Amino acid sequence: MKNRKTKNYELKPIFLERMSSLLGKEMQTYLDVLDKPLQNSIRCSTLKISPEELLTRLNSKGWEVSQPFKLYPEIMTIKNELSPGELGRSMEHLLGYYYIQEIASMLPVLALKPRPDELVLDLTAAPGSKTTQIAATMNNKGIIIANDSNLGRLKILASNMERCGVANSILVKKDGIYLCKKLKEFGFQFDKILVDAPCSGEGTLRSSDATAKMWNPKTIKNLSKLQKGLLASAIEILKPGGEAVYSTCTHAPEENEGVIDFVLKKFGNNVSIEKISLPVKCRPGIGKWLDHDYDKNIEKSCRIYPQDNDTEGFFIAKMKRKR
């Protein structure tokens, strides 16, 4: 396949070959959607304002706002073209009435379904889009442990939590694997855990030139090792009957199905993968990649492609610790 220049960057031949192996005849459709700008999307911070009130305020500003999912009125898209930076400069944003968040990024928390009475761990929490979403879903009740290993990112997380009115979270700065080890030593067990893992970011090509410039197969290999460690460590501190959601914003099977397959093999009958219901088109997890055959149950996971939903790309899997 010939190289492809999209926006201001050139996609590397080996990346194109890998995506072609995943998508087959749909490859051109995928490439075409990369040239389209992402729609503006926001999530209403329901800890501060109702979706109805926010909608009224935004419409009065001349914004053409829609709510694409009936069951999730807090998710909104802006149809008209705004001036650069307008989303971030509005009074409603500064007051924490909404969080600027891409729709695909909101889906892992919808899969996790945290409840107000639960103890929840967000293992790689910064900059806070999903932590604030978890807190809103829990109505600021229960407890969230929000962890990140980077101090600069943790400061951004703290700022976003304060802006959005989050009051049920404890911030921690630790390496994720080390934190899980220590929590296990002290007997902590969680009802829900989100592992939104660091990844190669292939799903963000529509919004990030840097992704294409920095992408390389070695990074995928190294990240896969880290992701396996993070998810396996998280499973260790799940309560019996507890659930963990693993998500990435990449398409690479080594970082997605390969990680889930590793954990299923490691924990055997003690862990199962659960079917996910989301308000977008989800494709099943793949069963084979290169010379690797994955557990057949991995098809219950969810692949989200940009051309299917006019979003960025994501991978989501939900796992349950058996009682």
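First, a word on what this report is: a plain description of the structure on this page. Bear in mind the structure is a predicted one, so any value in this text is a computation, not a measurement. (Residues numbered from 1 in each chain as written. Predicted model: local features only at pLDDT ≥ 70, side-chain atom pairs only at ≥ 80, totals over all residues. Heavy atoms only, no water.)

A separate point is the overall build of the chain. Counting its secondary structure elements, the chain contains 13 helices and 17 strands. A compact globule built from 323 residues would reach a C-alpha radius of gyration of about 20 Å, and the chain, at 19 Å, matches this within 12%. C-alpha atoms of the chain, sized along the principal axes, occupy 55 × 55 × 35 Å. When the 323 residues of the chain are sorted by exposure, 56% land in the buried category. The long-range share in the chain, meaning contacts at least 24 apart out of those at least 6 apart in sequence, stands at 75%. If you sum the accessible surface of the chain, you get close to 14700 Å²; carbon and sulfur atoms cover 52% of it. In the chain, which carries 49 positive and 38 negative side-chain charges, the distance between the mean positions of the two groups comes to 3 Å. (Helix = DSSP H or I, 4+ residues; strand = E, 2+ residues; numbered from the N terminus. Rg over C-alpha atoms; globule rule 2.2 N^0.38 Å. Buried < 20%, exposed > 50% of the residue type's maximum accessible area, 1.4 Å probe, protein only. Contact = heavy atoms within 4.5 Å. Areas by Shrake-Rupley, 256 points an atom, 1.4 Å probe, with all protein chains shown as cover. Lys, Arg positive; Asp, Glu negative; His and termini not counted. Charge placed at Lys NZ, Arg CZ, Asp CG, Glu CD.)

Within the span of helix H3 (residues 51-60), buried status applies to Pro51, Leu54, Leu55 and Leu58. Considered in projection along H3, the buried side chains sweep an arc of 100° and stay on one side of the axis. Opposite the buried face of H3, by more than 90 degrees, sit the exposed residues Glu52, Thr56 and Ser60. Buried residues belonging to H3 abut strand S3 (40-44), strand S4 (65-66), strand S5 (75-78), helix H5 (91-94) and strand S6 (98-100). Once H3 finishes, glycine 62 follows within two positions and takes phi at roughly 90°, a positive value. (Arc of directions from axis to C-beta.)

Taken as a whole, the largest pocket holds about 790 Å³ of empty space. Taken together, 36 residues line the largest pocket, and the ones lying closest to its centre are Ala126, Arg153, Asp196, Ala197 and Pro198. Listing elements by their share of the lining of the largest pocket, those giving two or more residues are S6, helix H7 (129-137), helix H11 (217-236) and strand S11 (238-248). Residues from two domains meet in the lining of the largest pocket; each of domain 1 (39-101) and domain 2 (105-321) gives at least three. Of the voids in this model, the second largest pocket is the one considered here, and its volume is about 340 Å³. If you trace the second largest pocket, you find 17 residues lining it, with Ser224, Lys228, Glu254, His292 and Tyr294 closest to the centre. Of all elements in the fold, only helix H1 (13-23), H11, helix H12 (257-267) and strand S15 (292-293) reach the threshold of two or more residues within the lining of the second largest pocket. (1 Å grid on protein atoms, 1.4 Å probe; cavity = no way out; pocket = protein on both sides within 12 Å on 5 of 7 lines; lining within 4 Å. Points joined across faces, edges and corners; volume = space filled by probe spheres on them. Domains from an automatic or database assignment.)

Under the definition given, this model contains two cavities of 30 Å³ or more. As for the largest cavity, its lining consists of Leu11, Lys12, Phe15, Glu202, Leu205, Thr211, Ala212 and Trp215. Among the residues forming the lining of the largest cavity, the class breakdown is five nonpolar, one polar and two charged. Size it by volume and the second largest cavity reaches roughly 30 Å³. Arg43, Ser45, Thr46, Leu47, Thr132, Ala136, Cys164 and Val166 together form the lining of the second largest cavity. When the residues that make up the lining of the second largest cavity are grouped by side-chain class, the tally is four nonpolar, three polar and one charged. Counting contributing residues, the lining of the second largest cavity receives three or more from each of domain 1 (39-101) and domain 2 (105-321). (Nonpolar A, V, L, I, M, F, W, Y, C, P; charged D, E, K, R; others polar.)

A few words now on the environment of lysine 174. Here lysine 174 is to be found in the loop between strand S9 (169-172) and helix H9 (176-185). Each C-alpha atom, one on lysine 174 and one on threonine 124, is 9.6 Å from the other, the two residues being 50 residues apart in sequence.

Looking now at helix H6 (residues 103-112). Buried residues dominate H6, accounting for 10 of its 10 residues. Taken together, the buried positions of H6 are Ile103, Ala104, Ser105, Met106, Leu107, Pro108, Val109, Leu110, Ala111 and Leu112. One or two positions beyond H6, positive phi appears at lysine 113, with a value near 55°.

The description of two packed helices rests on the angle between their axes and on the distance between the axes. It is the contact of H6 with H7, at a shortest axis distance of 9 Å, that shows an interaxial angle of 40°. The chirality of how H6 crosses H7 is right-handed. The segment H6 lies against H7, with Ser105, Met106, Pro108, Val109, Leu110 and Leu112 engaging Ser129, Lys130, Gln133, Ile134 and Thr137. In terms of residue class, the contact of H6 with H7 is made up of six nonpolar, four polar and one charged. (Axes fitted to C-alpha atoms, helices over the stretch in contact; angles between N-to-C directions. Left-handed = near helix turned anticlockwise from the far one by under 90°.)

Across the chain, the bulk of peptide bonds are trans and the bulk of non-glycine residues have phi less than zero. Note that the residue after alanine 126, namely proline 127, is joined by a cis bond; omega there is 5°. Structurally, proline 127 can be placed in the loop between strand S7 (119-122) and H7. Of note, the phi angle at lysine 113 is positive, near 55°, even though the residue is not glycine. The topology assignment puts lysine 113 in the loop between H6 and S7. Within the chain, asparagine 139 stands out as a residue other than glycine whose phi angle is a positive 55°. For asparagine 139, the location among the structural elements is in the loop between H7 and strand S8 (143-147). Owing to a relative accessible area of 45%, asparagine 139 belongs among the partly exposed residues under this scheme.

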